Amino acid sequence: NAGVTQTPKFRVLKTGQSMTLLCAQDMNHEYMYWYRQDPGMGLRLIHYSVGEGTTAKGEVPDGYNVSRLKKQNFLLGLESAAPSQTSVYFCASTFRTGEQYFGPGTRLTVT
Amino acid sequence: KQEVTQIPAALSVPEGENLVLNCSFTDSAIYNLQWFRQDPGKGLTSLLLIQSSQREQTSGRLNASLDKSSGRSTLYIAASQPGDSATYLCAVKPDSGYSTLTFGKGTMLLVSP
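Here is a short report on the structure shown in this document. All values derive from a computational prediction rather than experimental measurement.

### Observations regarding the overall build of chain A
So, step 1. Looking only at helices and strands, chain A has zero helices and eleven strands in total.
So, step 2. When the helices and strands of chain A are listed from N to C terminus, the series reads β-β-β-β-β-β-β-β-β-β-β.
So, step 3. For 111 residues, the compact-globule formula gives about 13 Å, and the C-alpha radius of gyration of chain A, at 13 Å, lands near that figure.
So, step 4. Projected onto its principal axes, the C-alpha coordinates of chain A cover approximately 40 × 25 × 25 Å.
So, step 5. Each of the 111 residues in chain A was classed as buried or not, and the buried ones make up 48%.
So, step 6. In chain A, the share of contacts with a sequence separation of at least 24, taken over all contacts with a separation of at least 6, comes to 54%.
So, step 7. In the structure as shown, chain A presents an accessible area of about 5,200 Å², 52% of it carried by carbon and sulfur atoms.
So, step 8. Computed over 11 positive and 8 negative side-chain charges, the separation of the two mean positions in chain A equals 6 Å.

### Considerations on the interface of chain B and chain A
So, step 1. The interface is formed by 21 residues belonging to chain B together with 22 residues belonging to chain A.
So, step 2. For the chain B and chain A pair, buried surface summed over both sides reaches about 1,600 Å², with 55% attributable to carbon and sulfur atoms.
So, step 3. Applying the counting criterion to the chain B and chain A interface returns zero salt bridges.
So, step 4. The interface formed by chain B and chain A contains four residue pairs in polar contact (both at pLDDT 80 or more).

### Some thoughts on the sheet that holds strand 8 (residues 73–78) of chain A
All names here are of chain A.
So, step 1. Spatially, four strands are ordered 1-3-8-7 in an open sheet, and the strand pairing comes out antiparallel. With partners counted over all chains shown, the strands left at the sheet margins are strand 1 (4–7) and strand 7 (65–67), one partner each. Neighbour-to-neighbour, the strand axes of the sheet open up by a mean angle of 20 degrees, direction not taken into account.
So, step 2. Pairing of strand 7 with strand 8 involves three bridges; the strand directions are antiparallel. Of the residues in strand 8, the one forming a bridge with S67 is L75.

### Looking at the sheet that holds strand 3 (residues 19–25) of chain B
All names here are of chain B.
So, step 1. The five strands are arranged 1-3-8-7-6 in an open sheet whose pairing can be described as antiparallel. At either margin of the open sheet sits one strand with a lone partner, and together these are strand 1 (4–7) and strand 6 (56–59). If you compare each strand with its neighbour and ignore which way they point, the axes differ by 15 degrees on average.
So, step 2. Inspection of the sheet shows strand 7 (residues 62–67) paired to strand 8 (residues 72–77) by six bridges, in the antiparallel sense.

Cut-off values and rules
Residues numbered from 1 in each chain as written. Chains lettered and ligands numbered in written order. Predicted model: local features only at pLDDT ≥ 70, side-chain atom pairs only at ≥ 80, totals over all residues. Heavy atoms only, no water. Helix = DSSP H or I, 4+ residues; strand = E, 2+ residues; numbered from the N terminus. Rg over C-alpha atoms; globule rule 2.2 N^0.38 Å. Buried < 20%, exposed > 50% of the residue type's maximum accessible area, 1.4 Å probe, protein only. Contact = heavy atoms within 4.5 Å. Areas by Shrake-Rupley, 256 points an atom, 1.4 Å probe, with all protein chains shown as cover. Lys, Arg positive; Asp, Glu negative; His and termini not counted. Charge placed at Lys NZ, Arg CZ, Asp CG, Glu CD. Buried area = accessible area lost by both parts, 1.4 Å probe. Salt bridge = Lys/Arg side-chain N within 4 Å of Asp/Glu carboxyl O. Polar contact = N/O pair within 3.5 Å; in protein donor to acceptor, adjacent residues only side chain to side chain. Pairing = 2+ DSSP bridges. Axes fitted to C-alpha atoms, helices over the stretch in contact; angles between N-to-C directions.

Set out below in structure tokens:
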């Protein structure tokens, strides 16, 4: 039981490049989330999903897109990376009423 | 809009002390409250989950209490150890639909030997 895993762990992008972050969970959770964590700003929700095939915007969705084609996977895409998207990205999952479980994070730097 | 505040922002104590971390929230209509621990460069680890109908939860040396009506939760750590050094975050889940967690900014704890 791996819990929540994230790929990759680190990435450096140049402004304008694109990339996809992958989150996978093996707990059969319905809900999945993407957060970013920045110094002094705390954790902020980017997008979330309440089930396979559904997505919704969080607090800071601009510049990101997501997809949930399979229940166990939640993808976060950056179409044209900007330096303001330098951050640590966390994925999390949960049943509707339960504890939220987090992945180890992806450290992204955009130069 | 729900706001979650954690005080203090940082705390330094000698090993062996009992300590209390505070979390307050502005909207008492919550479904549950969760305490997390985050080590530097790592993800968040869930410590305790308190449902809105509960007053407290315990796990080992940790005890979390919830006073929903006053919008407060405390995390009590007994007999602190250097291994407890980490950032502790609380988060509340609103009692409505698909609403998501709102996090505090955390308390950074340093326990010195």
